[in-house]
Amino acid sequence: MTETLNLLQSGARSLYTPLYPCMPCAARRFLSKDAVLFAALKRLSNKMSDMMEAKMQNYRTAPFDARFPNTNQTRNCYQNYLDYHRCNKALSAQGLDVTPCDWYQKVFKSLCPVAWVEKWNDQVENGSFAGKI
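Just so we're clear, the structure is a prediction, and the values are computed from it rather than from any experiment.

Look at helix 3 (residues 74-94): 31 Å from first C-alpha to last across 21 residues, which is about the 30 Å you get at 1.5 Å a residue. Buried residues belonging to helix 3 abut helix 4 (102-111) and helix 5 (114-126).

Listed below in structure tokens is the structure:
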């Protein structure tokens with residue numbers, strides 16, 4: 001009880017005070033928050049690209065992935081191939097930098113046999129690839 005009184009005396013909003021007293025004000029706040037969110041998303045994408053570039057410089061081989069704990073890394077190879085193409089497709093559609101997708105490419109190139117990758121690339125070009133990209 002005393003904590004609530006202290007909060008109210010310090011100028012904090014009451015639990016019963018409406019956040020948006022009028023609808024036009026609420027709409028303006030929503031639109032401005034949406035613009036701020038979009039700008040933050042763009043900054044995050046740029047920051048992510050910088051982090052991925054730093055990670056790529058230190059890259060040696062595919063790190064351990066808890067989703068694929070077994071010795072057979074075939075599924076890991078295939079999943080990273082799919083993730084690379086999905087990432088490229090999604091970021092290209094939004095007009096963002098595709099540098100973060102290079103991580104998946106390096107991982108699948110270190111795990112997958114070259115013949116498999118060439119076969120999958122041909123299938124993607126022909127439109128007969130079995131995976132959902």
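Next, the rest of the story.
So, about the nonpolar core. Residues Tyr-81, Phe-108, Cys-112 and Trp-120 are the most contacted members of the largest nonpolar core, which totals 13 residues. Residue assignment for this core shows that the elements contributing at least two residues are helix 3 and helix 5. The dominant element in this core, judged by the number of residues it contributes, is helix 3, at six residues. Ignoring anything within four residues of it in the chain, the contact list for Phe-108 reads Cys-77, Asn-80, Tyr-81, Tyr-84 and Val-117.

Another point: the pattern of salt bridges. As enumerated under the stated definition, the model contains one salt bridge in all. As a salt-bridge pair, Arg-67 and Asp-65 come within 2.8 Å of each other at their nearest N and O atoms.

Turning to the side chain of Asp-65, a few remarks are in order. Along the polypeptide, Asp-65 turns up in the loop between helix 2 (23-57) and helix 3. A distance of 2.8 Å separates a polar atom in the side chain of Asp-65 from a polar atom in the side chain of Arg-67.

Cut-off values and rules
Residues numbered from 1 in each chain as written. Predicted model: local features only at pLDDT ≥ 70, side-chain atom pairs only at ≥ 80, totals over all residues. Heavy atoms only, no water. Helix = DSSP H or I, 4+ residues; strand = E, 2+ residues; numbered from the N terminus. Expected span 1.5 Å × (residues − 1). Contact = heavy atoms within 4.5 Å. Core = buried A, V, L, I, M, F, W, Y, C linked by side-chain atoms within 4.5 Å. Buried < 20%, exposed > 50% of the residue type's maximum accessible area, 1.4 Å probe, protein only. Salt bridge = Lys/Arg side-chain N within 4 Å of Asp/Glu carboxyl O. Polar contact = N/O pair within 3.5 Å; in protein donor to acceptor, adjacent residues only side chain to side chain.

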